[in-house]
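Examination of the molecular architecture
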Amino acid sequence: MPGVAAVDRALTILAAFEDAPEPMTLAELARRTGMYKSTLLRLMASLQEFGYLLQLADGRYHLGPTPFRLGAIYQRGNNLYDRVMPILRQLVADGTESPSYHVRHDAKRRLCVFRVDSQHSTLDRVEAGMLLPLDRGAAGRVILAFDGEKGEGYDTIRESCIALSFGERDPDCAGLACPVFGPGGKCVGALSLSGPKPRFTRDNIKAMTSLLLKAAARLTRALGGPTELLDSALSASSEDARPARRARR
């Protein structure tokens, strides 16, 4: 069923801010959205009225407080935050790289829902709220694998419950990820660890794989999902520390 054109255009304006590093001028918004300035001004008047956008003193535009307020309402109504964040914090306390939790956003992208920085001074560039490619990076490959994607490496990921990525999305970074399951065994997200490539040594990967699988099993139990695949993968990883999935170096 087709949507409402004006609503679609308004949401397109808001989406333009997703990867904008700073507030934007009207001209920049026109380039990003492909809309005429006159159309933008009409739609943005309504978005400003309801607090979705703010116009700064220098004339540029930025997101207003309403998206933040809606995000807070979402978190209060969805106890995923209370289940995921303690597990991410425990991973950091255990000395891992920076943990995050990702879910599928659409056919090509994943959303980083939660992220906690590691205790290391040098970090990778991932933040909560970022939209990242599904086909690049360990977390994206895990989501694709357990959504039935066919192709090189996905069978191995489904068997081992682990994906390891070197430089796929960022040439200086690496990542390790595993699935999180909900009721009925459906993969509901991916738990990942990411950071600079030099710290992903064989010994560190071995230690982090064990910690990550244990954390994913705890989160899966909290969400009412089965842990058999994760328990089996943990047992296998204890016997063989070799990474099950190594993406492009």
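Anything mentioned here points back to the structure above.
Throughout this description, residue numbers start from 1 for each chain and increase along the sequence as written. Per-residue local features of the predicted model are confined to residues with pLDDT of at least 70, and side-chain atom pairs are confined, for both listing and counting, to 80 or more; whole-chain, interface and lining totals are unaffected and use all residues. In computing side-chain values, all of the structure's heavy atoms are included and hydrogens and water are not.

**Quick notes on the sheet that holds strand 6 (residues 163-166)**
Which entries qualify depends on this criterion: A pair of strands is labelled paired if DSSP reports no fewer than 2 bridges between them. Runs of E in the DSSP output that reach at least two residues are strands. Runs of H or I that reach at least four are helices, and both are numbered from the N terminus. Angles run from 0 to 180 degrees between N-to-C directions of axes, and those axes are lines fitted to C-alpha atoms, restricted for helices to the stretch in contact. Here, residues are in contact when the closest pair of their heavy atoms is within 4.5 Å.
Strand order in the open sheet formed by six strands is 5-4-3-8-7-6, and the pairing between neighbours is antiparallel. Edge strands, defined here as strands with exactly one partner in the open sheet, are strand 5 (131-133) and strand 6. Neighbour-to-neighbour, the strand axes of this sheet turn through a mean angle of 35°, independent of strand direction. As defined by bridge partners, strand 7 (residues 173-181) adjoins strand 8 (residues 187-196) across nine bridges and the pair is classed as antiparallel. Directly across from Ala174, in strand 8, lies its bridge partner Gly195. Along the sheet, helix 8 (residues 202-222) contacts strand 3 (98-104), strand 6, strand 7 and strand 8; its crossing angle with strand 7, the most-contacted strand, is approximately 30°.

**Comments concerning the packing of aromatic side chains**
What counts here: Pairing of aromatic rings covers Phe, Tyr and the six-membered ring of Trp, with a centre-to-centre limit of 6.5 Å; geometry is then stacked below 30 degrees between planes, edge-to-face above 60, and tilted otherwise. Working definition: with a 1.4 Å probe on protein chains only, accessible area under 20% of the residue-type maximum means buried, over 50% means exposed, and in between means partly exposed.
For the structure shown, the criterion picks out four aromatic pairs. Ring plane angle 75° and centroid distance 5.5 Å describe the contact between Phe146 and Phe181, whose orientation is recorded as edge-to-face. Taken together, the residues span a long stretch of sequence, with Phe146 in helix 6 (residues 138-146) and Phe181 in strand 7 at a distance of 35 residues. Looking at Phe181, the relative accessible area reads 3%, which means it is buried. The rings of Tyr81, Tyr101 and Phe114 are connected pair by pair, giving a single aromatic cluster.

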